[in-house]
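Okay, here's what each chain looks like letter by letter:
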Amino acid sequence: MDEDGMMGGMYQPSMLRRMGAGQPAARFDEYYRCYPVVMLPGPERENVNHGGKVMMPPSALDKLTRLHITYPMLFELINGHKEKMTHAGVLEFIAEEGKIYLPYWLMQTLDLDPGDLVQVKSTDLPSGRFIKLQAQSTSFLDISDPKAVLEQAFRNFSCLTKGDVFTFPYNDEIYEMAVLETKPGGEGTKNAISVIETDLEVDFAPPVGYEEPKRSGTSTPATGRGMGGGMLHSAGSMAQAINYASIAPTSSSAAAGAKAVSSNFLLGGQKLKSGKPITPKASTPVAGASTNPPPTTRRTNGPQPLRLPPGKLFFGYEIKPLKKKDGGQQVADDSKPQFQGQGQSLRNTKKKRPEDDGKGK
């Protein structure tokens, strides 16, 4: 028996094809009836319904093992009737024979109804480096840390495909996210990436329905930029807003107002003893006369009340440095002796000396 006959007797024809040089590796390729995950018997699995993994029957695991399909097991899901395709991973092999359970968003992506046939093929995908996403609602902007939330959501996914609109839960609300771009991309990569054990850079496009806030035209126009990059407003904008010219200490109106306020007590009084008696003003209302007080007029001189509009700050008046004395005069003043003077005794009595006391005796 020749060598070819011996090989033919030892191996089946299919195994020979698989072992042949240059032959592509065998792929898992099966058809199943698809159903949503919510119809899977057993407890509710919310993380599976909002993830990217499917439930397959135990026979699929047996065939994958014989085909030496290694981890991670990634699959193409194809709806040949609508010519739509996407990718998914597998979570468990607990489905009934002939059935496969998919997350609801996957059935919407493939345009499948419960009970439709879906083709499942094994495949390999490159590890993703970049992905661009777009939220399908502006409510996504209410999330304070969206990247951390998506990092938690990606734990339920094995792969993502350009054009998918997947869902994920957060704070009792379901969010929809569209995949706009994946890298590495192109026809050779099927526009899909694996998100397992990879450092993935995430970028966001503006959510659907988002509008840029319109800037109000009432703000003070800027005249230039400061050294630190901030906008410099005109010098008169703040002064005009608070009427600084009338409240500055150097203004003539403020000085005149201060003089008028201080002279309120310098007016001529009335003598108590005078030839003419003082007639007090009547406190009872007079018929025909108005009892309303005269309208108060705003003072135009003197310090004005500081009323600032919203968003304005006032950091005080101008600073005038204290005038210092001349150096020579200051030295002369310091050279003068301090506390120089003669005290005065209360009594001008001479103290008795001890000699005078001895003579007296």
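Here the structure is shown first, and the text comes after it.
Everything quoted here is computed from the prediction, not taken from an experiment.

1. Concerning the sheet that holds strand β12 (residues 201-205)
Here comes step 1: Pairing within the open sheet is mixed, and its four strands lie in the order β9-β10-β7-β12. The outermost strands of the open sheet, each flanked by one partner alone, are β9 (165-170) and β12. Ignoring strand direction, the axes of neighbouring strands in this sheet form an average angle of 35°.
Here comes step 2: Here five bridges tie strand β7 (residues 130-135) to β12, and the two strands are oriented parallel to one another. From the neighbouring strand, Leu133 faces β12, where its bridge partner is Phe204.
Here comes step 3: Sitting on the sheet, helix α6 (residues 146-153) is in contact with β7, β9, β10 (173-183) and β12, with an inclination near 120° to β12.

2. Here we look at unusual backbone geometry
Here comes step 1: With an omega of -5°, the peptide bond between Tyr71 and Pro72 qualifies as cis.
Here comes step 2: If you trace the backbone, Pro72 turns up in the loop between α4 (58-66) and β3 (74-79).
Here comes step 3: Each neighbour pair has its own omega, and for Lys183 with Pro184 the value is 0°, a cis peptide bond.
Here comes step 4: Take Pro184: it is sitting in the loop between β10 and β11 (192-194).
Here comes step 5: Residue His68 is not a glycine yet carries a positive backbone phi of 60°.
Here comes step 6: Its identity as a non-glycine residue notwithstanding, Asp172 has a phi of 60°, on the positive side.
Here comes step 7: What makes Asp172 exposed here is its relative accessible area of 87%.

3. Details of the pattern of salt bridges
Here comes step 1: One pass over the full model with this rule turns up five salt bridges.
Here comes step 2: Residue Glu76 is joined to Arg27 by a salt bridge in which the shortest nitrogen-to-oxygen separation is 3.8 Å. You can see Glu76 sitting in strand β3 and its partner Arg27 sitting in the loop between α2 (13-19) and β1 (29-36), a full 49 residues away along the chain.
Here comes step 3: Residue classification places Glu76 among the buried positions, given a relative accessible area of 7%.
Here comes step 4: Between Asp111 and Lys82 there is a salt bridge, with its nearest N and O atoms 2.9 Å apart. Pair noted here: Asp111 is in the loop between α5 (104-110) and β6 (117-123) and Lys82 is in the loop between β3 and β4 (84-92), with a separation of 29 residues, a long-range link.

4. Topic: the pairing of β1
Here comes step 1: Both β1 and β6 contribute to a ladder of five bridges, which runs antiparallel. Looking at the pairing, Asp29 lines up with Lys121 of β6.
Here comes step 2: Pairing of β1 with strand β5 (residues 99-102), which is carried by four bridges, proceeds in the parallel orientation. Within the sheet, the bridge partner assigned to Cys34 lies in β5 and is Ile100.

5. Points about the side chain of Lys53
Here comes step 1: Summarising the element assignment, Lys53 is placed in strand β2 (residues 53-55).
Here comes step 2: For the buried Lys53, no salt bridge is present, and the opposite-charge side chain at shortest range is Glu92, 10.0 Å distant.
Here comes step 3: What Lys53 contacts, discounting residues up to four positions off in sequence, is Val48, Gly89, Val90, Leu91, Pro103, Arg155, Asn156, Phe157 and Ser158.

6. Details of the layout of surface pockets
Here comes step 1: Considered as a void within the structure, the largest pocket measures approximately 290 Å³ in volume.
Here comes step 2: Along its surface, the largest pocket is lined by Lys147, Leu150, Glu151, Phe154, Arg155, Phe157, Val195, Glu197, Thr198, Asp199, Leu200 and Val202.
Here comes step 3: The element that contributes the greatest number of residues to the lining of the largest pocket is α6, accounting for three residues.
Here comes step 4: When grouped by side-chain class, the residues that make up the lining of the largest pocket number six nonpolar, one polar and five charged.
Here comes step 5: Of the volumes computed, that of the second largest pocket is approximately 210 Å³.
Here comes step 6: Taken together, 13 residues make up the lining of the second largest pocket; nearest its centre are Ala26, Ile69, Ser122, Thr123 and Asp124.
Here comes step 7: Residue composition of the lining of the second largest pocket, grouped by class: six nonpolar, four polar and three charged.

7. Observations regarding the environment of Phe168
Here comes step 1: Along the chain, Phe168 falls in strand β9.
Here comes step 2: On the accessibility criterion, Phe168 (0% relative accessible area) is buried.
Here comes step 3: Counting along the chain gives 121 residues from Phe168 to Asn47, while the straight-line C-alpha distance between them is 8.3 Å.
Here comes step 4: Residues contacting Phe168, with those up to four places away along its chain left out, are His50, Phe140, Val149, Leu150, Ala153, Glu173, Ile174, Tyr175 and Met177.

Cut-offs applied
- Residues numbered from 1 in each chain as written.
- Predicted model: local features only at pLDDT ≥ 70, side-chain atom pairs only at ≥ 80, totals over all residues.
- Heavy atoms only, no water.
- Pairing = 2+ DSSP bridges.
- Helix = DSSP H or I, 4+ residues; strand = E, 2+ residues; numbered from the N terminus.
- Axes fitted to C-alpha atoms, helices over the stretch in contact; angles between N-to-C directions.
- Contact = heavy atoms within 4.5 Å.
- Buried < 20%, exposed > 50% of the residue type's maximum accessible area, 1.4 Å probe, protein only.
- Salt bridge = Lys/Arg side-chain N within 4 Å of Asp/Glu carboxyl O.
- Lys, Arg positive; Asp, Glu negative; His and termini not counted.
- 1 Å grid on protein atoms, 1.4 Å probe; cavity = no way out; pocket = protein on both sides within 12 Å on 5 of 7 lines; lining within 4 Å.
- Points joined across faces, edges and corners; volume = space filled by probe spheres on them.
- Nonpolar A, V, L, I, M, F, W, Y, C, P; charged D, E, K, R; others polar.

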